[in-house]
Amino acid sequence: MAANTNEAFLKRALVTGAAGGLGREVAIQLAMRGCAVGIADINAAGTAETARQVEAVGGQVLEIVGDFTLEGAPEAAVDKVVARWGGIDILVNNAGYGVIEPFLESSYRSWTRTLALNVTALAMASKAAGRVMREQRAGRIVNITSPGSRMALPDYTAYTASKAGVDSITRALAVALAPYGVLVNSLAPGMMDTEMQRSTEVELARVNGRSNDLQAFLDERTRRVPLGRRAEIAEVAESVVWLCLDSPPYMTAERLNMSGGLDKD
């Protein structure tokens, strides 16, 4: 894709969890398609690096650093995008958190932190953006869910439960905003080479007594994917951008699987 170097932009976007991984790649690809991009994350250094990369492809960028689990923070991020560019056309709810804990040893803190970011913050950002999009009578919201939302994973239950919540919010919000021409869909990526994925699998290996043969453990997990490989971040981001810009205007309340056949409808 060619970089857009014009001052004008096609769409105004906010991407959460954009300090690295999938969020960073989505922000860059949106910028390359001519979008002005707000990038939000708690990691200031990572957010600054994403901003640098967005600007390197000719994009307009707004850095927003903050903790989305704090009351009012998601709404404030949306307000900053609207104040900067006069509206918001795209919201990508990518920010996520998860911790490996056997269910019977799980802590109140891990549950509240996971649900606060993955469910409540997503809902509040969607509410704020949805109100603006309702007045514009146009817009697209894309929520990042997980194949785990439909699996029994007793070492990762808070995360999978939160992603089931994302699926539910996606359906409800799509129906609420449909009369105003606003589309709400989700994407469920499979295994990717991101920092969160790596740390999760290291912890999974530890919990399962496989720390001494970590690579063999990772290879076993990869072999479960019907396509026989892990997803590249760029190809998953392309699917997110497709939902943001190119998917049909009759497509809403849908879940797009991007898991190499791991998650089957």
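A quick note: this is a predicted structure, and the numbers were derived from the prediction, not measured. (Residues numbered from 1 in each chain as written. Predicted model: local features only at pLDDT ≥ 70, side-chain atom pairs only at ≥ 80, totals over all residues. Heavy atoms only, no water.)

**Concerning the pattern of salt bridges**
Counted by the stated rule, this structure contains 16 salt bridges. Between glutamate 201 and arginine 230 there is a salt bridge, with the nearest N and O atoms lying 2.6 Å from each other. In this pair, glutamate 201 is assigned in helix α6 (residues 195-207) and arginine 230 in the loop between α7 (214-223) and α8 (233-245), connecting sequence segments 29 residues apart. The class for glutamate 201 is buried, based on a relative accessible area of 3%. Taking the shortest distance from any N to any O, the salt bridge between arginine 255 and aspartate 263 comes out at 2.5 Å. Using a relative accessible area of 16% as the deciding quantity, one classes arginine 255 as buried. (Salt bridge = Lys/Arg side-chain N within 4 Å of Asp/Glu carboxyl O. Helix = DSSP H or I, 4+ residues; strand = E, 2+ residues; numbered from the N terminus. Buried < 20%, exposed > 50% of the residue type's maximum accessible area, 1.4 Å probe, protein only.)

**What about the side chain of serine 162?**
Structurally, the position occupied by serine 162 is in helix α5 (residues 157-177). Classification of serine 162 as buried rests on a relative accessible area of 0%. Only 3.0 Å separates the side chain of serine 162 from the side chain of asparagine 118, close enough to count as a polar contact. Ignoring any residue separated from it by four or fewer positions in sequence, one finds serine 162 in contact with Thr114, Leu115, Asn118 and Val119. (Polar contact = N/O pair within 3.5 Å; in protein donor to acceptor, adjacent residues only side chain to side chain. Contact = heavy atoms within 4.5 Å.)

**Quick word on the packing of helix α1 (residues 21-32) against α8**
Axis separation between α1 and α8 bottoms out at 9 Å; the angle between their running directions is 55 degrees. It follows from the interaxial angle that α1 and α8 lie oblique. Note that α1 runs across α8; the crossing there is right-handed. Contacts between α1 and α8 involve Gly21, Leu22, Glu25, Val26, Gln29 and Leu30 from the first element and Ile233, Ala234, Val236, Ala237, Glu238, Val240, Val241, Cys244 and Leu245 from the second. Here the residues of the contact of α1 with α8 sort into 11 nonpolar, 2 polar and 2 charged. (Axes fitted to C-alpha atoms, helices over the stretch in contact; angles between N-to-C directions. Parallel < 35°, antiparallel > 145°, perpendicular 65-115°, else oblique. Left-handed = near helix turned anticlockwise from the far one by under 90°. Nonpolar A, V, L, I, M, F, W, Y, C, P; charged D, E, K, R; others polar.)

**Details of helix α2 (residues 44-56)**
Compared with an ideal rise of 1.5 Å per residue, which puts 13 residues at 18 Å, α2 spans 18 Å between its outermost C-alpha atoms and is within 8% of the ideal. If you check which residues of α2 are buried, you get Gly46, Thr47, Thr50, Ala51 and Val54. Considered in projection along α2, the buried side chains sweep an arc of 140 degrees and stay on one side of the axis. Turned more than 90 degrees from where α2 packs its buried face, Ala45, Glu55 and Ala56 sit exposed. Where the residues of α2 are buried, they touch α1, β2 (36-41) and β3 (61-65). Immediately beyond the C-terminal end of α2, within one or two residues, lies glycine 58, with a positive phi of roughly 90 degrees. (Expected span 1.5 Å × (residues − 1). Arc of directions from axis to C-beta.)

**Some remarks on the packing of aromatic side chains**
By the definition in use, this model includes 2 aromatic pairs. Ring geometry for phenylalanine 103 versus tryptophan 111: centroids 6.3 Å apart, planes at 80 degrees, classification edge-to-face. For phenylalanine 103, a relative accessible area of 43% corresponds to the partly exposed category. With relative accessibility at 24%, the residue tryptophan 111 sits in the partly exposed group. Ring centres 4.5 Å apart and planes at 15 degrees place the aromatic pair tyrosine 156 and tyrosine 159 in the stacked group. Here the two residues tyrosine 156 and tyrosine 159 agree in accessibility, since each one is buried. It is arginine 113 that lies over the ring of tyrosine 97; its NZ or CZ is 5.5 Å from the centre. (Phe/Tyr/Trp six-rings, centres within 6.5 Å; stacked < 30°, edge-to-face > 60°. Lys NZ or Arg CZ within 6 Å of the ring centre and 35° of its normal.)

**What about α1?**
Helix length check: α1, at 12 residues, gives a terminal C-alpha distance of 17 Å against a target of 16 Å (1.5 Å per residue), a fit within 8%. Of all 12 residues in α1, 10 are buried; the element is thus mostly enclosed.

**Here we look at the sheet that holds strand β4 (residues 90-93)**
Taking strand neighbours across the sheet as the criterion, the 7 strands line up as β3-β2-β1-β4-β5-β6-β7 in an open arrangement whose pairing is parallel. The outermost strands of the open sheet, each flanked by one partner alone, are β3 and β7 (255-258). Put simply, the sheet's adjacent strands are angled 15 degrees from each other on average, direction ignored. Together, β5 (139-144), β6 (182-189) and β7 form the strand contacts of α5, whose direction differs from that of β6 by roughly 160 degrees. Strands in contact with α8 are β4, β5, β6 and β7; relative to β5, the strand with the most contacts, it is inclined by about 150 degrees. (Pairing = 2+ DSSP bridges.)

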